[in-house]
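Close look at the chain arrangement
Below are the chains, spelled out letter by letter.
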Amino acid sequence: MSTQHPERSPDAGSPGRPGVDAEDPDAGRDPAPSPRGFGASLLAGLREIVIVVVLAMALSFVVKTWLFQAFYIPSGSMEDTLVPDDRVIVSKLTPGPFELRRGDVVVFEDPGKPRPWLQGAQYSQPSTLGGPFHELLVFVGLLPEDSENHLIKRVIGLPGDHVQADGKGKIRVNGVEITEPYIKPGDHPSDQPFDIVVPPDSIWVMGDHRSDSSDSRFHDDDSGGKDGSVPMSKIVGRALFIVWPIDHVTWLGVPSRTFEKVPAPSAVRPTDLPKAPAKSTAAKPAPAT
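Now for a quick tour of the structure. (Residues numbered from 1 in each chain as written. Predicted model: local features only at pLDDT ≥ 70, side-chain atom pairs only at ≥ 80, totals over all residues. Heavy atoms only, no water.)

**A word on the overall build of the protein**
Put simply, the rule is: Each helix is a run of H or I in the DSSP string that is no shorter than four residues. Each strand is a run of E no shorter than two, and both are numbered from the N terminus. Here the accessible surface of atoms and residues is derived via Shrake-Rupley with a 1.4 Å probe, and residues count as covered only by protein chains that are part of the display.
Scanning the protein from terminus to terminus reveals two helices and twelve strands. Helices (α) and strands (β) of the protein occur, in sequence order from the N terminus, as α-β-β-β-α-β-β-β-β-β-β-β-β-β. As displayed, the protein has an accessible area near 16900 Å², and 58% of this comes from carbon and sulfur atoms.

Take a look at the structure:
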């Protein structure tokens, strides 16, 4: 039995023969795009820049509103921890998912009761070069918040804490004396005696520069902590670290030993604690943020 191979048709000849593949080899292909003019290229580049800027501003606004925000420090009430013109990053997750602790540095809105804390305050003004554009960058979070209705202090007492000062020695929290390494050198823990219990959902705050800080002490008016404490609802968040200037970059941690022996407020009865002497009539320092 022989095997026969089908004969190849002359029309299916190999390449190069006359009459074969006579069609244009470029047939069916898309025509080459014409070169883009300078004006079209410029518009396309501008469009991409606008999209990137809008997305960046939207992302910054989301971060500022729910996660982190930068703030400008206008006064010396927290020296030497913070000095005027420092920029700090504040976490809005505290209080919230993360608990507020004694010793935390917090930013809060002026409580305004019984009177504004910032009334008559003296502080340096940040640059507002750019006018409305500057305000827009602050609004979306690309520049630090520099509004005049925010303050920054350190948490000394949490809700229910019994905080005392005799005007001479250390501060007591729930009957335990605390050693505060962050106080500005040369300052006393408190020249003004007080004896208070922090109301529910509030905190007792003090500046590290005790002799130049119009804090909870000077807004309490012998109310036992009711007027001088800051409502939790006014807290913006916890200051995490200094980001500017470069040589001041520092993590704002909580001194671990300062409050480690302080018991929970439920473990101490106010009647068991020594009372601070009567409030002195010494002149108060000028208000400062």
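Here the narrative resumes, following the displayed structure.
**Considerations on the environment of Glu79**
We count it as follows: Whether two residues are in contact is decided by their heavy atoms, any of which lying within 4.5 Å being enough.
As for its position among the elements, Glu79 is in the loop between strand 1 (68-72) and strand 2 (87-91). Residues Glu79 and Asp208 lie 129 residues apart in sequence; the distance between their C-alpha atoms is 6.0 Å. Not counting the four nearest positions on each side in its chain, Glu79 is found in contact with Pro84, Lys184, Asp208 and His209.

**A closer look at the pairing of strand 3 (residues 105-109)**
We apply this condition: Burial status follows relative accessibility: with a 1.4 Å probe on protein chains alone, a residue under 20% of its type maximum counts as buried, one over 50% as exposed, and anything between as partly exposed. Here, a strand pair is defined by DSSP locating no fewer than two bridges between the strands.
Burial of strand 3 is extensive: four of the five residues sit out of reach of the surface. Alignment of strand 3 against strand 4 (residues 150-157), held across five bridges, turns out to be antiparallel. Looking at strand 4, one finds that Val107 is bridged to Ile152. Sheet topology places strand 3 next to strand 11 (residues 235-244); three bridges connect them, and they run antiparallel. Bridge pairing links Val107 to Gly237 in strand 11.

**Quick word on the nonpolar core**
What counts is decided by this rule: In this text, buried Ala, Val, Leu, Ile, Met, Phe, Trp, Tyr and Cys residues form a nonpolar core when linked through side-chain atoms within 4.5 Å.
In this structure, Ile156, Val163, Ile171, Val173, Phe194, Trp204 and Phe259 are the most contacted members of the largest nonpolar core, which totals 15 residues. Within the residue set of this core, elements represented by two or more residues are strand 5 (162-165), strand 8 (194-197) and strand 9 (202-206). Ignoring anything within four residues of it in the chain, the contact list for Val173 reads Arg102, Ile156, Asp161, His162, Ile178, Phe259, Val262 and Pro263. Grouped together as the second largest cluster of nonpolar side chains are 13 residues, Ile73, Met78, Val105 and Ala239 included.

**Structural notes on the sheet that holds strand 7 (residues 176-177)**
An order of 7-6-5-8 is seen for the four strands of this open sheet, with the pairing classed as antiparallel. The open sheet terminates on both sides in strands that have one partner only, identified here as strand 7 and strand 8. Across two bridges, strand 6 (residues 172-173) lies against strand 7 in antiparallel orientation. In the strand pairing of strand 7, Val173 is matched with Val176.

**Quick look at the pattern of salt bridges**
For clarity, the threshold we go by: Salt bridges are defined by distance alone: a side-chain nitrogen of Lys or Arg within 4 Å of a carboxyl oxygen of Asp or Glu.
One pass over the structure, following the stated rule, counts ten salt bridges. Its salt-bridge partner being Lys184, residue Glu79 comes within 3.7 Å of it at the nearest N-O pair. Taken as a pair, Glu79 in the loop between strand 1 and strand 2 and Lys184 in the loop between strand 7 and strand 8 lie far apart in primary sequence, 105 residues in all. Given the relative accessible area of 18%, Glu79 is considered buried. Salt-bridge contacts for Arg172 lead to Glu177; the nearest nitrogen and oxygen are separated by 3.9 Å. Relative accessible area serves as the criterion here: at 27%, Arg172 is assigned to the partly exposed category. Residue Glu177 is classed as partly exposed on the basis of its relative accessible area of 45%. Residues participating in the shared-partner salt-bridge network are Glu79, Asp80 and Lys184.

**Regarding the packing of aromatic side chains**
To be explicit about the condition: Centre distance within 6.5 Å is the pairing criterion for rings of Phe, Tyr and Trp, where only the six-membered ring of Trp is used; planes under 30 degrees apart are then read as stacked, over 60 as edge-to-face, and the remainder as tilted. Our definition puts a charge over a ring when NZ of Lys or CZ of Arg is within 6 Å of the ring centre and also within 35 degrees of the ring normal.
On inspection of all chains with the given rule, the structure shows three aromatic pairs. Here the aromatic rings of Phe108 and Trp117 are separated by 5.6 Å at their centres, their planes lie at 85°, and the arrangement is edge-to-face. In this structure, Phe108 and Trp117 share a single accessibility class: buried. With a centroid separation of 6.0 Å and an interplanar angle of 20°, the aromatic rings of Phe241 and Trp251 are classed as stacked. Of this pair, Phe241 sits in strand 11 while Trp251 is found in strand 12 (residues 250-251), placing the two residues ten residues apart along the sequence. For Trp251, a relative accessible area of 53% gives the class exposed. Above the ring of Tyr182, the side-chain terminus of Arg154 is found at 3.8 Å from the ring centroid.

**Quick word on a nonpolar patch on the surface**
Threshold: Candidate patch residues must exceed 30% relative accessible area and have no salt bridge, after which like charges are joined if within 9 Å and Val, Leu, Ile, Met, Phe, Trp or Tyr side chains if within 5 Å.
Residues Phe38, Leu42, Leu43, Leu46, Ile49 and Val53 make up a contiguous nonpolar surface patch of roughly 640 Å² in combined accessible area. Assessed through its relative accessible area of 45%, Leu42 is described here as partly exposed.

**A word on the pairing of strand 2**
Counted residue by residue, strand 2 has four buried out of five residues, so it is predominantly covered. Sheet topology places strand 1 next to strand 2; five bridges connect them, and they run antiparallel. Bridging across to strand 2, Gln69 finds its partner in Val90. Where strand 2 and strand 11 come together, five bridges link them in antiparallel fashion. Its bridge partner being in strand 11, Ser91 is matched across the sheet by Arg238.

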